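# Working through the structure, step by step
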Amino acid sequence: MKFQCPPGMRDFYPEQMRLQRWLLDLWRRVSQTFGFEEYEGPTFEYLDLYTVKSGEGIVSELFSFADRGDRRFALRPEMTPTLARMVAAKASSLPRPIKWFSLPRMFRAEKPQRGRLREFYQWNVDVLGTEEVIADAEVIAVAVEFLRQVGLTPQDVVMRVSSRPVAAAVLQSLGIAPENTVRAFGLIDRFDNLEPEDFRRQWSEIAPGISCDDLLMHLEAADLDDCLKLVRSTGSQGIAAAEQFVQLWNRLRDFGVQEFCRFDLKVVRGLAYYTGPVFELTATRHQLRALLGGGRYDNLTELLEGPRIPGVGFGMGDAPIFELLETTGKLPSLADELDVFVIDAGEEYFPKALEIVRALRRAGLNCDFSYRRQAVAKQFSQAEKRRSRYAVVVGEELTRRNQLTLKNLRTSEQRLVLASEFLSNPCLVLGL
């Protein structure tokens, strides 16, 4: 049997791992720039943590198992339940607002397809402990800052922003009963993935007697002011929903990210725990799945029998963002580089070469050498293949004058340096 990587999983060879590390480091750096702290949780949780939020139907979407004590667990498919559990456990002692981010590996037992894998990394950014919409605006601003740093523009992507209370008020104006709102949200969430006739058929099952054309008119309308005027006309809850969204829209402008954002009532997010503004990031010119999804969830910790702690956040998977960056030609070209490659001019100099290697590594430089004792020319060839910036040659100059030959492999400039001076401060001598 020829063993292969399981479907929906990935092997990370060094060239892929460089890109993966670049993305994770950039996610981390952007998060920290905005004052977020990193956290992590277990790779698997009790299965009930997911079913209490999403119902037993989610089990088929998870990699679940029972241990020897017949306790049921599942590999984590998302981070929000873990976050809510951790925050609820220490709710009284955590300073507010809680601004956390994580870069976990996730697992979903679903059919692999374009931009969707069974194992993937996900960037999670959340603010908990406040209902102020400035928190919603800031998590969107975090995402937009990442987009800017990788070179994506409003011509490449759009942050589609909406609000479940606003959408609920629109449905109310159409005559949808409150008990059918969640079902209607589930259908609207699949709007872009359904054929028009399928959407109309399912709408008639949810809301018999209510025109689908009236719904489509609102879903496809682009004017925010008209929508909010309708929402306000539905009563006090509609007025509150409209005011919340206006505040969010203004804060997005204050953060300087409104050019990336567009009001889109079709964005409602399928998960039932969302309670306020919701948003998705999509590509404008490429048929890719959503690059990011998130929103406000003010009651999730209560589902875990904890205190009510309002929150807002998003998750961005690595697979779709890599696909978009490659498609748009914005994926960086990364190469593994050494600072110094140490070359011995003969076997008698090898012990001294290893001593120099040891000193350079202790100084924090990326340094390597040839395992085989071979001609200097072959060692130089190995240094160039490893894309080393410098080569240090240990030869007779060390014995005669206590000097080392230092060669810049980018410019071919070569000079002699005192070994004692070089080893006392190699970074200064190399200009690194």
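The text that follows walks through the structure, step by step, so that each part is easy to find.

The helix and strand inventory of the protein stands at 17 helices and 17 strands. Dimensions of the protein, computed from C-alpha atoms along their principal axes, come out at roughly 95 × 55 × 50 Å. When contacts within the protein are restricted to residue pairs at least 6 apart in sequence, those whose partners lie at least 24 apart make up 66%. When the accessible surface of the protein is split by element, carbon and sulfur atoms take 47% of a total near 21,500 Å². Of the charged side chains in the protein, 56 are positive and 59 negative; the average position of the first set lies 6 Å away from that of the second.

Time to look at the packing of aromatic side chains. Working definition: an aromatic ring pair is given by the centre-to-centre distance plus the angle between the planes. Within this structure, the stated rule accounts for 15 aromatic pairs. Note on phenylalanine 12 and tyrosine 121: the rings are 6.2 Å apart at their centroids and 70° apart in plane angle, and the pair reads as edge-to-face. Linking phenylalanine 12 in the segment before helix 1 (14-33) with tyrosine 121 in strand 7 (residues 119-128), this pair joins segments that are 109 residues apart in sequence. Under the relative-accessibility criterion, phenylalanine 12 is labelled partly exposed at 22%. Under the relative-accessibility criterion, tyrosine 121 is labelled buried at 11%. An angle of 85° between the planes, with centres 5.1 Å apart, marks the rings of phenylalanine 191 and phenylalanine 199 as edge-to-face. In this arrangement the basic side chain of lysine 407 is found over the ring face of phenylalanine 380, its NZ or CZ atom lying 5.1 Å from the centre.

Before going further, it helps to spend a moment on the pattern of salt bridges. Counted under the stated rule, the structure contains 33 salt bridges. For arginine 387, the salt bridge is made with glutamate 337, and the minimal N-O distance between the two is 3.6 Å. Here the residue arginine 387 occupies a position in the loop between helix 14 (376-385) and strand 15 (390-394), and glutamate 337 occupies one in the loop between helix 12 (318-327) and strand 13 (340-344), the gap between them amounting to 50 residues. For arginine 387, a relative accessible area of 41% gives the class partly exposed.

Take the sheet that holds strand 13 next. Pairing is mixed across the open sheet formed by five strands, whose spatial order is 14-13-15-16-17. Each having just a single partner strand, strand 14 (367-369) and strand 17 (414-418) make up the two edges of the open sheet. Within the sheet, the average angular offset between the axes of one strand and its neighbour, ignoring direction, is 30°. The strands that helix 14 touches are strand 13, strand 14, strand 15 and strand 16 (403-408); relative to strand 13, the one it contacts most, it runs at about 170°.

Cis rather than trans, the peptide bond between arginine 96 and proline 97 has omega equal to -5°. On the secondary structure map, proline 97 appears in the loop between helix 3 (80-89) and strand 5 (98-102). Positive phi values are uncommon outside glycine, yet arginine 387 reaches one of about 55°. Even without being a glycine, serine 412 presents a positive backbone phi close to 70°. Inspection of the secondary structure assignment puts serine 412 in the loop between strand 16 and strand 17.

Moving on, we get to the environment of aspartate 189. Assignment of secondary structure puts aspartate 189 in helix 6 (residues 181-189). Overall, the relative accessible area of 27% leaves aspartate 189 in the partly exposed class. Sequence-wise, aspartate 189 and valine 376 are 187 residues apart; in three dimensions their C-alpha atoms are separated by 65 Å. Ignoring any residue separated from it by four or fewer positions in sequence, one finds aspartate 189 in contact with Val268, Arg269, Gly270 and Glu280.

On to the side chain of arginine 76. Within the secondary structure, arginine 76 sits in the loop between strand 4 (72-75) and helix 3. Residue arginine 76 is classed as buried on the basis of its relative accessible area of 3%. A polar contact of 2.9 Å, which involves the side chain of arginine 76, links it to the backbone oxygen of arginine 105. When sequence neighbours within four positions are dropped, the list of residues in contact with arginine 76 reads Glu40, Gly41, Pro42, Thr43, Phe44, Tyr50, Pro104, Arg105, Met106 and Phe107.

This brings us to the sheet that holds strand 2 (residues 44-46). Taken together, three strands build an open sheet; the order of strands is 2-4-3 and the sheet is antiparallel. The open sheet has two free edges, formed respectively by strand 2 and strand 3 (64-66), since each of these has just one partner strand. On average, each strand axis in the sheet is tilted by 35° relative to the strand beside it, whichever way the strands run. Two elements, strand 3 and strand 4, share three bridges in a ladder whose sense is antiparallel. Within strand 4, the residue paired with phenylalanine 65 across the bridge is phenylalanine 73.

A few words now on the nonpolar core. Counting residues in each nonpolar core, the largest one holds 80 residues, and the members touching the most others are Trp123, Phe146, Met159 and Trp203. Broken down by element, this core gets its largest block of residues, eleven residues, from helix 4 (residues 133-149). Every residue in contact with methionine 159, bar those within four places of it in the chain, is listed here: Ile140, Ala143, Val144, Phe260, Cys261, Arg262, Phe279, Glu280, Leu281 and Leu292. Counting residues in each nonpolar core, the second largest holds 22 residues, with Phe350, Leu360, Ala419 and Phe422 among its members.

As a further point, take the packing of helix 7 (residues 196-206) against helix 8 (residues 212-220). Running from amino to carboxyl end, helix 7 crosses helix 8 at an angle of 115°, the nearest separation of the two axes being 10 Å. Two packed elements cross with a definite hand, and for helix 7 against helix 8 that hand is right-handed. When helix 7 is examined against helix 8, the residues Phe199, Arg200 and Trp203 are found in contact with a partner set consisting of Cys212, Asp213, Leu215, Leu216 and Leu219.

What counts, and where the lines are drawn
Residues numbered from 1 in each chain as written. Predicted model: local features only at pLDDT ≥ 70, side-chain atom pairs only at ≥ 80, totals over all residues. Heavy atoms only, no water. Helix = DSSP H or I, 4+ residues; strand = E, 2+ residues; numbered from the N terminus. Contact = heavy atoms within 4.5 Å. Areas by Shrake-Rupley, 256 points an atom, 1.4 Å probe, with all protein chains shown as cover. Lys, Arg positive; Asp, Glu negative; His and termini not counted. Charge placed at Lys NZ, Arg CZ, Asp CG, Glu CD. Phe/Tyr/Trp six-rings, centres within 6.5 Å; stacked < 30°, edge-to-face > 60°. Buried < 20%, exposed > 50% of the residue type's maximum accessible area, 1.4 Å probe, protein only. Lys NZ or Arg CZ within 6 Å of the ring centre and 35° of its normal. Salt bridge = Lys/Arg side-chain N within 4 Å of Asp/Glu carboxyl O. Pairing = 2+ DSSP bridges. Axes fitted to C-alpha atoms, helices over the stretch in contact; angles between N-to-C directions. Polar contact = N/O pair within 3.5 Å; in protein donor to acceptor, adjacent residues only side chain to side chain. Core = buried A, V, L, I, M, F, W, Y, C linked by side-chain atoms within 4.5 Å. Left-handed = near helix turned anticlockwise from the far one by under 90°.

This is a description of form; function is not addressed.
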